[in-house]
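Now for the letters of each chain:
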Amino acid sequence: MSQPTTDLPQLDNKKTKNAIEGVFEKYQIFKNTLIELREATVTASYQDRPSGPTNVTSDSTADTAIFNVFEPEHRRQFCNNVEQAVNQLFPKYKEIIQLKYLGDDMPTDYTVYNFKMEHPISKDTYAKLRRKAFQNLAYSFDAFGIINIQSLVDTKRANIRTSSLE
């Protein structure tokens, strides 16, 4: 009698690293840049349109108001989701991610594992811990809808696993 398997899909390390670092880059942009609020135009603008109805209506004032309300909220929610996912990590993973990606400066890996960490670690240990942190973050970011986990699945390992189960 076999037990049901609840294995999580194996993620491709390179794809996962690129996706997670992309999320952190977007986080830094959202966190460190101010959004310029738009103003509604009150002067009419004329556009050359072909004769006949275009079936397009526009309300620049409403579009501006929607952008001014939703864009800052979208950025704030994104940053909160990233911070919440990082805060759920194990303490060592969390320390690495916060020092490397969530600070004001973007230090090199060497600086992080040798000088910034409370207890310095070796390069190999740092790489292993960061890789595991990225794996955990990928699942958390998928739950928040930030990334799609299916795009990170290692297809070679998935094919080997399914063929060995048959």
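So, how was this worked out
Residues numbered from 1 in each chain as written. Predicted model: local features only at pLDDT ≥ 70, side-chain atom pairs only at ≥ 80, totals over all residues. Heavy atoms only, no water. Core = buried A, V, L, I, M, F, W, Y, C linked by side-chain atoms within 4.5 Å. Buried < 20%, exposed > 50% of the residue type's maximum accessible area, 1.4 Å probe, protein only. Helix = DSSP H or I, 4+ residues; strand = E, 2+ residues; numbered from the N terminus. Contact = heavy atoms within 4.5 Å. Axes fitted to C-alpha atoms, helices over the stretch in contact; angles between N-to-C directions. Parallel < 35°, antiparallel > 145°, perpendicular 65-115°, else oblique. Nonpolar A, V, L, I, M, F, W, Y, C, P; charged D, E, K, R; others polar. Phe/Tyr/Trp six-rings, centres within 6.5 Å; stacked < 30°, edge-to-face > 60°. Lys NZ or Arg CZ within 6 Å of the ring centre and 35° of its normal.

## Considering the nonpolar core
Buried together is how nonpolar side chains tend to be arranged in soluble globular proteins.
(1) Moving on: Grouped together as the largest cluster of nonpolar side chains are 32 residues, with contacts concentrated most on Ile-20, Phe-24, Val-82, Ile-97, Leu-137 and Phe-141.
(2) Moving on: Sorting elements by how many residues they give to this core places helix H5 (residues 123–144) first, with seven residues.
(3) Moving on: The contacts of Ile-20, once residues within four sequence positions are left out, are Phe-134, Leu-137, Ala-138, Phe-141 and Ile-147.

## Observations concerning the side chain of Gln-135
(1) Moving on: Of note, Gln-135 is situated in helix H5.
(2) Moving on: With near-sequence residues (within four places) excluded, Gln-135 lies in contact with Leu-11, Asn-13 and Thr-16.

## Concerning the packing of helix H1 (residues 13–32) against helix H3 (residues 91–102)
(1) Moving on: Where H1 meets H3, the closest approach of the two axes is 10 Å, and the angle between their N-to-C directions is 55°. In terms of their interaxial angle, H1 and H3 are classed as oblique. Residue-level inspection shows Glu-21, Phe-24, Tyr-27 and Gln-28 of H1 in contact with H3, the latter providing Ile-97, Tyr-101 and Leu-102.
(2) Moving on: When grouped by side-chain class, the residues that make up the contact of H1 with H3 number five nonpolar, one polar and one charged.

## A closer look at the packing of aromatic side chains
(1) Moving on: Taken as a whole and assessed by the stated rule, the structure comprises eight aromatic pairs.
(2) Moving on: Between Tyr-101 and Phe-134, the aromatic rings sit 5.8 Å apart at their centres with planes inclined by 50°, giving tilted as the arrangement. Of the two residues, Tyr-101 sits in helix H3 while Phe-134 sits in helix H5, which places them 33 residues apart along the sequence. For the pair Tyr-101 and Phe-134, a shared accessibility class is recorded, and that class is buried.
(3) Moving on: Of the aromatic side chains, those joined through ring pairs into one cluster are Phe-24, Tyr-101, Phe-134 and Phe-141.
(4) Moving on: Lying over the aromatic face of Phe-78, Lys-26 brings its terminal NZ or CZ to 4.8 Å of the ring centre.
(5) Moving on: Stacked on the ring of Tyr-101, the Lys or Arg Lys-100 has its end atom at 5.8 Å from the ring centre.

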